[in-house]
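Next come the chains, spelled out residue by residue.
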Amino acid sequence: MTELLIKNGFVFDPSNGINGEKMDIAIKNGKIVESVNERKAKKIDATGLTVMPGGVDIHTHIAGAEVNTGRLMRPEDHVKDVVRKTAITRSGVGYSVPSTFVTGYRYSKMGYTTIMNPSMPPLEAKHTHEELNDTPLLDKASYPLLGDWWFVLEYLSKGNLAECAKYVAWMMGTSKGYAIKIVNPGGLESWGFGRNVHSIDDEVKNFCITPREIMCGLAKVNKMLNLPHSIHLHTNNLGLPGNYITTLETMKALESVATDDKPVAHITHLQFSSFAGEGWGSMHSAAEEISNYINSHSHITFDMGQVIFTDTTTMTADGPFEYTLYELSGHKWVNSDVETETSGGIIPFHYKRNNAVNTTQWSIGLELALMIKDPWKMFMTTDHPNGGPFSAYPKIIAWLTSKKARSATLKRCSKKGQKRSLLPTIDRELSLYELAIVTRAGQAKALGLASKGHLGVGADADIAIYNVNPEKIDIAKTYKKVRRAFGNAAYTIKDGKIAVKDGEVVQHVDGKTMWCDVQTAEPVKIDDEMKRKFKEYWTVEYDNYPVYDHYLKVPSPIIVKADV
Amino acid sequence: MIVLTPLKKFKFPVYAECINPDVFQNKSIAEIAVLPVYEGNKQKKLGELFKIEENPAETPNITINGDVGEVRRIGEGMKNGEILINGNAGMHLGEKMSGGKITVNGNAGGWTGSDMKGGIIEIHGDASDYLASPYRGTSKGMHGGKITVDGKVGSDSACYMHGGVIKIKGDAGPFLGFSMSDGVIHVAKNAATRLGANMRGGKIIVSGFVEEVLPTFTIDNVKPKVKIDDTESVQGPFYVFLGDLAEKGSGKVFVSKANNPHMRTYEKFL
Amino acid sequence: MPIVKSVVCPICGCLCDDIEVTVENNEVVKMKNGCAICESKFLGYKGEHRVHQPMIRKDGKLVPVSMDEAVHKAAETLANANYPILYGWSSTSCEAQRIGVELAEELGGVLDNTSVVCHGPSILGIQEVGIPTCTLGQIRHRADLIIYWGCDPWSAHPRHLERYTSFTEGKFEKSEWKAYMQKVKAHAGQKKIESAERRGFVKYHPHAHTQACLVSGAPQTLKKEGRKLIVIDVRKSMTAEMADYFIQVEPNKDYELMQALRALVRDQELDVDKVAGVPVEYLEEVADALVNCEFGVIFFGMGLTQTAGKFRNIEVAISLVRDLNRRTKFAIMPMRGHFNVAGANVVSAWQSGYPFGVDFSLGYPRYNPGETTCMDVLLRDENDASLVIAADPGANFPKRAVENMVKHPLIVIDPHMNATAMLADILFPSAFVGIEVEGTAYRMDSVPLPLKKVVEPPEGILSDEEILKKILEEVRVIKSQKTEAA
């Protein structure tokens, strides 16, 4: 069938220890193979080009109820970035909340092939999957929000880990989800009545449980279920000056769950959780304290949540935090609480260069990234669109690989922010090898995606080829070229098909939707008792709640055998 | 300099942002004739929809003779030069303009002068809704420049205004100056309800009849006259209302005392 | 006789999903749990107005034709149009709506749905100020103050109160049904006494007469325990009869009332004595009730979206709720009418970025209500062909818009010979979504639900999705032939 041969490129495949070797990559039937018939195969001449596994984004809000409300309420964001229909591609709009087709095209143009939608309220999971179906050229998965789910709160407060695990397994299959997402644990349920939690030991009203117990409980459940990814955690007190203490306490609390060297928690958009200071006036970076901790422990991975200086849209399940942003900015604010499960909020936000706090935020993301010694713990994201649109990733790549790029941006920022920034003391510049880890190999490993993020035999043929010749250019010096190259892939190959060439989409490919089919020894009994409880807790019938198979255009279930 | 005459009565919407002195500058008639426009869903050339001729006079730079009520975005973003329209003009006339002058001897469509930064727009007929109001979802409107309308204006005009001057010789529709924060609006005749709703700053002056002001406006004092801009003042006396309290605003609404006897009840608060 | 359970009712925005349908010989014979409107649809949809074959108007009369002929003529008409409109979409499935977006994009036309005559203003309001909202379950569990403003759920969304608000049991709040029944009994008892007095059986006692519901008195009833219900309307609707407090607002003055409440909630003083016909002291007490509740919610309808002020009414209502969130927890929600108008907005937004009024004529989606909404396009007579599906503009649109619509070819897809179908030039009969065809629909709080198929559609009747796919395919064939010829 279809055979493809990528010849003579500089290959960066950290999972297999390959660091810029000139080699050929052979593809057959959508997988990487040992070799193909060179005469028959279609050839791509990658001489002088960088070849990496396709990009993997561990945390990007691109589908579902919240994202769509963001789209609906910001026509003024769309009108500045229109996308015309072509013979192969649909029309749409972009900028901070692109329409679904445009999301797929733009990620693919940057060489990305797998993305994770991190916030899915299970009640509205069908909506998330419908939008993922309309996001072309990418493989995708979604994380159901479980940290404030009444079932979890009730079973954990009774200390009943096994029952909790059974229901989490059931929910993973019912919502066709991939990992356990926890946001401001305890805070979302409290927000149901307009309240919040302020420390990991605050008791959640009406439920006799603390955030510490929720996080540790679910981390243990995660282990019992053998889920491929660890718990995916958005910490309490996000976005508040001085919150790094909560973040440290959170990481310490999870130490007890770790029994080996494998991570037990992934802290997402860590930048927002690394603020020191007593108020906005004295707010400064706690990147040093946080990175010191992470450097000396092995149970945590994280992603940056990098801020970009632009007008973007924030959207998270952290309802109380979004309300705080409304109080600070006065912008139009959406709140969207979901019964029994979670909360949510959306508000446009403009990160400004001349604002000291925003400058510090921008700096913190990069400080965290560069102060972590082991790049396998650290991943590049903007928490799209919270920190900025994903289309700004090439800018972050330039900042990570070039001190010159960082300085050029920093010197145009607020003087106060410049003085506070730790970046002038940091000389580290990531190499292409390390870049491949933090944008693809590391993310795939943390997600437990065995066939993604690497170019070994048996991997999915998801490959990105960039116009960067490591022998000819110094990526730290010519960062503008690097930015352009990573923004317009020379080739993006998806499932062995050429999806993008020279930064333009040339072929439509339907990606797969991955989900975990968790098999426990005893599955949850769906009896009349369960159905009755269902009716009490939700306003929909049990039968109408699950995401049935036909909701996924191209399903890709991953069988997971639980230890419970 | 250039005279455009529509070759037919347009049924489908025509988008012609190329009709702009900055775009026409230094172009020959042949080059102007092939500028792209849209008619409905078909891309066309300007010369297919308009007769294009040269006029020896220096100004106005562009004259349009005929009804262009279906032609949208004329003068969009223009920085200098003059456009004269002898007929009705379509939506988005002079949108985002920062300089120059547009005159319409006829009526103007919706969103005329939307997001204006500078320059002059003179409408000798009526203006439709959303005069000088920005795009949906934006909270910053007209920033500078001057708009005069001889006839009446529709609803939701001058929303989010934060600079510039608007003079309306006829009546104004509801929600004039919604959420305005700076700038001056004068209505020579009557203004409809919800005048200055959500106002935070700026001035609205009505010389005619106002049925009522919002309950979230309080009477401040009576002024004998008020300044519109450096060239013009209006004779009162005027009741001066401060508001909008719902937004903790300090906008001022001046309402003619003589033409609003029913507002005498407010005098007890002075 | 098979009973199908957990059927989702395809009528109004409540999208009740606990309906039980008994089917015999491909007919619905019995229903359980549905309201009167639901039952009448499930039991009566096969009426005499059903269309059984595709039709084309020839010499002024609609005559039956084959599906292929109708598809070809429809596709040809649309492919050759310079500015076609594709309107409706609210009573069909998301699967069909997605084809609609693709078709509008392919044609370079205007895609619009019934929001434009219904809750479009609500969307415009959200685009100005956002919206603090939640799913209906949050109301059921937590709300102790429920306000219906400018809507009458008892008539239009009959099971709303019993499923989601006052008369339902939540985790933190109880149902008010018993208290309401006692009030009704007291009222009935009172009426008996009055009738006896009139007939002279009982002596007349003027002091014994108390009103069961207040129209213009102070809100004493808001001081009670348990869930409270306030109705604000221009007339005493059926829902108002049940309210703990009813505010009769002067027509077209809702904006003033809400703006005044915003100021009162911020503890500001007003100069005036009355707003919208309501004394300010009563409003101050209402403001206290709003601020002191645990969780309040405002549901609103056409009383706000279609009266003077339109989307600004919604904007100020949302601003009021947003201001209240400084003091307590408050939400606001539009009472969506058709069962899948929310879905039409959702699908349109994710595929094109905009929820309605999407104009594809320039090759990319554009949105500007007043410019790109099809009602305005029709009033200005700018279009030259129309496709109407799952809606009835022939009955709902202003006269001039309908007159302009029929000046040009009109293609209609509908199960019934409704007013619009009677004006059609090409008519496609379709199957009922939620009865004969399955699909997804979105509830008024944007929760997606799977509609079921309980019976087979009549012979030869296709679903909306299938018909649209055929038209889209044929349009592509015709367009590629045109480009080849060119």
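Predicted, not measured: the structure shown is a model, and the values here were computed from it.

Participant: Tell me about the interface of chain A and chain C, and name the residues and values.
Facilitator: Interface size, as often reported, equals the accessible area lost upon joining of the parts. Tallying the contact residues gives 59 residues for chain A and 62 residues for chain C. Counting the surface lost from both chain A and chain C, the interface buries some 5,200 Å², and carbon and sulfur atoms represent 51% of this. Sorting the residues of chain A by area buried against chain C places A:Leu72, A:Phe193 and A:Thr539 first, and these three jointly supply 13% of that buried surface. Between chain A and chain C we count eight salt bridges in total. Viewed at the interface, chain C and chain A are joined by 39 residue pairs in polar contact (both at pLDDT 80 or more). Within the side of chain A that touches chain C, the residues separate by chemical class into 22 nonpolar, 17 polar and 20 charged. Bridge count between strand 18 (residues 333–337) of chain A and strand 8 (residues 130–134) of chain C: five bridges; the pairing is parallel.

Participant: Requested: an account of the packing of aromatic side chains, with residues and values cited.
Facilitator: Inspection of the entire model under this criterion finds 45 aromatic pairs over all chains. With centroids separated by 4.9 Å and ring planes inclined at 75 degrees, the aromatic side chains of C:Phe167 and C:Trp177 adopt a geometry described as edge-to-face. Taken together, the residues C:Phe167 in the loop between helix 7 (160–163) and helix 8 (177–198) and C:Trp177 in helix 8 connect sequence positions 10 residues apart. C:Phe167 sits in the buried class, given a relative accessible area of 12%. Looking at B:Arg136, its charged tip hangs above the ring of C:Phe311, at a distance of 5.1 Å from the centre. Cation over ring: C:Arg312 sits above B:Phe175, and NZ or CZ is 5.6 Å from the ring centre.

Participant: I'd love a proper account of the domain arrangement of chain C, names of residues and values included.
Facilitator: All names here are of chain C. Domain annotation of chain C identifies domain 1 (50–118 + 339–436 + 445–485) and domain 2 (121–196 + 222–334). Computed over C-alpha atoms only, the centres of domain 1 and domain 2 are separated by 37 Å. For the domain 1 and domain 2 pair, buried surface summed over both sides reaches about 700 Å², with 64% attributable to carbon and sulfur atoms. Of all residues in domain 1, Cys118, Tyr367 and Asp445 bury the most surface against domain 2, accounting for 58% of the area lost on that side.

Participant: Could you give me a rundown of the domain arrangement of chain A, with the residues and numbers involved?
Facilitator: Residues and elements named next belong to chain A. For chain A, the assigned domains are domain 1 (3–53 + 456–505) and domain 2 (55–447). The C-alpha-based centres of domain 1 and domain 2 are spaced at 29 Å. Taken together, the contact between domain 1 and domain 2 spans 34 residues of the former and 34 residues of the latter. Taking both partners together, domain 1 and domain 2 bury about 2,600 Å²; carbon and sulfur atoms supply 69% of that area. Summed over the three residues of domain 1 that lose the most area to domain 2, namely Pro14, Tyr479 and Val505, the buried surface amounts to 24% of that side. Note that Lys494 is salt-bridged to Asp139, the shortest N-O span being 3.1 Å. If you look at where domain 1 meets domain 2, you find 10 residue pairs in polar contact (both at pLDDT 80 or more). Contributions of two or more residues to the side of domain 1 that touches domain 2 are made by strand 2 (18–28), strand 5 (50–53), strand 21 (463–466), helix 17 (479–487), strand 22 (491–494), strand 23 (497–501) and strand 24 (504–505). In terms of residues, the side of domain 1 that touches domain 2 owes the most to one element, helix 17, which gives five residues.

Reading the values: rules and limits
- Residues numbered from 1 in each chain as written.
- Chains lettered and ligands numbered in written order.
- Predicted model: local features only at pLDDT ≥ 70, side-chain atom pairs only at ≥ 80, totals over all residues.
- Heavy atoms only, no water.
- Contact = heavy atoms within 4.5 Å.
- Buried area = accessible area lost by both parts, 1.4 Å probe.
- Salt bridge = Lys/Arg side-chain N within 4 Å of Asp/Glu carboxyl O.
- Polar contact = N/O pair within 3.5 Å; in protein donor to acceptor, adjacent residues only side chain to side chain.
- Nonpolar A, V, L, I, M, F, W, Y, C, P; charged D, E, K, R; others polar.
- Pairing = 2+ DSSP bridges.
- Helix = DSSP H or I, 4+ residues; strand = E, 2+ residues; numbered from the N terminus.
- Phe/Tyr/Trp six-rings, centres within 6.5 Å; stacked < 30°, edge-to-face > 60°.
- Buried < 20%, exposed > 50% of the residue type's maximum accessible area, 1.4 Å probe, protein only.
- Lys NZ or Arg CZ within 6 Å of the ring centre and 35° of its normal.
- Domains from an automatic or database assignment.

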